[in-house]
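# Structure assessment
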Amino acid sequence: MAEIIVVTSGKGGVGKTTTSASLACGLARHGKKVAVIDFDVGLRNLDLIMGCERRVVYDFVNVIQGEASLRQALIKDKRSDNLFVLAASQTRDKDALTTEGVEKVLKELADDGFDYIVCDSPAGIEKGAFLAMYFADQAIVVVNPEVSSVRDSDRILGLLASKTRRAENGERVKEHLLLTRYSPARVETGEMLSIADVEEVLGLKTIGVIPESGDVLNASNKGEPVILDMESPAGQAYDDAVARLMGEDRPMRFTQADKKGFFSKLFGG
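These lines cover the structure that appears in this document, whether it is placed above or below. (Residues numbered from 1 in each chain as written. Predicted model: local features only at pLDDT ≥ 70, side-chain atom pairs only at ≥ 80, totals over all residues. Heavy atoms only, no water.)

## Comments concerning the overall build of the chain
- Looking only at helices and strands, the chain has 13 helices and eight strands in total.
- A globule of 269 residues ought to have a C-alpha radius of gyration of about 18 Å, and the chain, at 19 Å, matches this closely.
- If you line up the chain on its principal axes, its C-alpha atoms span 70 × 40 × 35 Å.
- Long-range pairs, those at least 24 residues apart, make up 74% of the contacts in the chain with a sequence separation of at least 6. (Helix = DSSP H or I, 4+ residues; strand = E, 2+ residues; numbered from the N terminus. Rg over C-alpha atoms; globule rule 2.2 N^0.38 Å. Contact = heavy atoms within 4.5 Å.)

Structure below.
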């Protein structure tokens, strides 16, 4: 049975697509058969971050509307034989996605032996975001440690608890908190909320803390999910988050500010 994971947030620009790409790559690296689907109809960024934008012939909407088969639309990742991408349409309206159509695609993927289906949600609460979360078993709620991002994510948690198929069946979507662009130094100066602050407001446990890093943008520009760069703290942090998602117990890294030594303080380093 495929496990459906939605990557969601209330606010745009917090790193959902980066997270979806790295999560999918990480799960595939653990030997799982993974599909990652872009629900952001009209924008389409997932294929860019995955480095397969030139290989998109058919998209998610083509499959839903019967213009192509799922096999025609799935793009096999160049780096992993068990990772596949289903791109969003850039030319259609968001109403092109339907509950029945999405369910059909998800069922076909499950029947085809996929272990995980990662749904990259658009920001906010419009139709694409609703459909991305509706069939989810688990949710990764991506949050920047700032008040507006946390407040907007609180609304998403309300939808996960009330507007999903699991909610209709009296069950819960299993929710995880992923903090992105985290800077321990800025937390210490009070410019940024701490991990404990965000957990307290949202009532969620943190599955990963991704440090603020230029490596994320560099990786996106190269079409390579940052988790593939294991020299990068951000890549290592995503690798930790994937391991925790799969039940492994790993210590939380990159959460403390570097302490300056005597000589760096003396010489202003």
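## Focus: the sheet that holds strand S7 (residues 174–182)
- The eight strands lie next to each other as S3-S4-S2-S5-S1-S6-S7-S8, forming an open sheet whose pairing is mixed. The sheet terminates laterally at strand S3 (75–76) and strand S8 (206–211), the two strands that pair on one side only.
- For S7 and S8, the ladder comprises four bridges, and the chain directions are parallel. The residue of S8 that forms the bridge with leucine 178 is glycine 208.
- The strands touched by helix H5 (residues 99–111) within the sheet are strand S1 (3–8), strand S2 (34–38), strand S4 (83–86) and strand S5 (116–120), with S2 carrying the most contacts at an inclination of about 165°. (Pairing = 2+ DSSP bridges. Axes fitted to C-alpha atoms, helices over the stretch in contact; angles between N-to-C directions.)

## Describing the pattern of salt bridges
- All told, the structure shown has 18 salt bridges when counted by the stated rule.
- In this structure, the salt-bridge partner of arginine 172 is glutamate 175, at a minimum N-O distance of 3.1 Å.
- Since its relative accessible area comes to 17%, glutamate 175 is described here as buried.
- One salt bridge connects arginine 250 with aspartate 239, and the closest N-O pair in it is separated by 3.0 Å. Of the two residues, arginine 250 sits in the loop between helix H12 (233–245) and helix H13 (262–266) while aspartate 239 sits in helix H12, which places them 11 residues apart along the sequence.
- Residue arginine 250 is classed as partly exposed on the basis of its relative accessible area, which comes to 23%.
- Looking at aspartate 239, the relative accessible area reads 12%, which means it is buried.
- Among the charged side chains, a network of salt bridges with common partners joins Arg29, Asp239, Asp240, Glu248, Arg250 and Arg253. (Salt bridge = Lys/Arg side-chain N within 4 Å of Asp/Glu carboxyl O. Buried < 20%, exposed > 50% of the residue type's maximum accessible area, 1.4 Å probe, protein only.)

## With respect to unusual backbone geometry
- Positive phi, normally seen in glycine, also occurs at arginine 181, with a value near 55°.
- When you line up the elements, arginine 181 lands in strand S7.
- Take arginine 181: its relative accessible area is 46%, and that puts it in the partly exposed class.

## Considering the packing of aromatic side chains
- What the rule picks out here adds up to four aromatic pairs.
- Between phenylalanine 39 and phenylalanine 60 the ring centres are 5.0 Å apart and the planes differ by 80°, which places this aromatic pair in the edge-to-face class. Residue phenylalanine 39 is located in the loop between S2 and helix H2 (46–49), and its partner phenylalanine 60 is located in helix H3 (residues 60–64); the two are separated by 21 residues in the primary sequence. The exposure classification of phenylalanine 39 matches that of phenylalanine 60, with both residues buried.
- Summarising the aromatic geometry, the rings of tyrosine 134 and phenylalanine 135 are spaced 4.8 Å apart at their centres and angled 85° between planes, so their arrangement reads as edge-to-face.
- You can call phenylalanine 135 buried: its relative accessible area is 6%.
- Among the aromatic residues, those joined into a cluster by ring pairs are Phe130, Tyr134 and Phe135.
- Residue placement shows lysine 33 over the ring face of phenylalanine 114; its charged tip is 4.5 Å from the ring centre. (Phe/Tyr/Trp six-rings, centres within 6.5 Å; stacked < 30°, edge-to-face > 60°. Lys NZ or Arg CZ within 6 Å of the ring centre and 35° of its normal.)

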